[in-house]
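What follows is each chain in one-letter form.
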Amino acid sequence: MAFRIEDIELGDDTGPLAELVACWRASVEATHTFLTPDDIERIAAYVPDAIASVAHLAVCRDENGQVVGFIGVDGTMIEMLFIHPSLRGCGLGSLLLDHAVSEHGATLVDVNEQNEQAVGF
């Protein structure tokens, strides 16, 4: 399976943002087992704004052009990294991380200590 990473700007088109939010939700539901469904719904209310406000946003797309992961960088901080659960363990997180470092100068990341999978990554 071939993947491509591209920097994007969301602009006025809500389609890409909807794809990112869907990827976020699938990823969180699969990995953030410490959150309740109510927690996820509460957080989901501000996810679109959080994604739209990040300084640099890069997406990973599959060969069909579908978003399968994304990363957001602000300054030197990686603010978000989400991979669709169907493709976890395929190296997409590393590809996005490498992109954030090489293209946007990311050097810092902070993960929730309750997210054991992210800590391990």
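Look above for the structure.
Residues numbered from 1 in each chain as written. Predicted model: local features only at pLDDT ≥ 70, side-chain atom pairs only at ≥ 80, totals over all residues. Heavy atoms only, no water.

J.: For the overall build of the protein chain, give the residues involved together with the corresponding values.
T.: A tally of regular secondary structure across the protein chain gives five helices and five strands. Tracing the protein chain from N to C terminus, the helices and strands come up as β-α-α-α-β-β-β-α-β-α. Against the globule reference of 14 Å for 121 residues, the protein chain gives a C-alpha radius of gyration of 14 Å, in line with a compact fold. Referenced to the eigenvectors of the C-alpha coordinate spread, the extents of the protein chain come out at roughly 35 × 35 × 30 Å. Residue burial in the protein chain is summarised as follows: out of 121 residues, 39% are buried. (Helix = DSSP H or I, 4+ residues; strand = E, 2+ residues; numbered from the N terminus. Rg over C-alpha atoms; globule rule 2.2 N^0.38 Å. Buried < 20%, exposed > 50% of the residue type's maximum accessible area, 1.4 Å probe, protein only.)

J.: Report on the environment of arginine 61, specifying residues and quantitative values.
T.: Tracing the backbone through its elements, the reader meets arginine 61 in strand β2 (residues 56–61). Separated by 60 residues in the primary sequence, arginine 61 and methionine 1 place their C-alpha atoms 11 Å from one another. When sequence neighbours within four positions are dropped, the list of residues in contact with arginine 61 reads Ala2, Phe3, Arg4, Glu6, Glu19, Gln66, Val67 and Val68. A polar atom in the side chain of arginine 61 sits 3.0 Å from the side chain of glutamate 6. (Contact = heavy atoms within 4.5 Å. Polar contact = N/O pair within 3.5 Å; in protein donor to acceptor, adjacent residues only side chain to side chain.)

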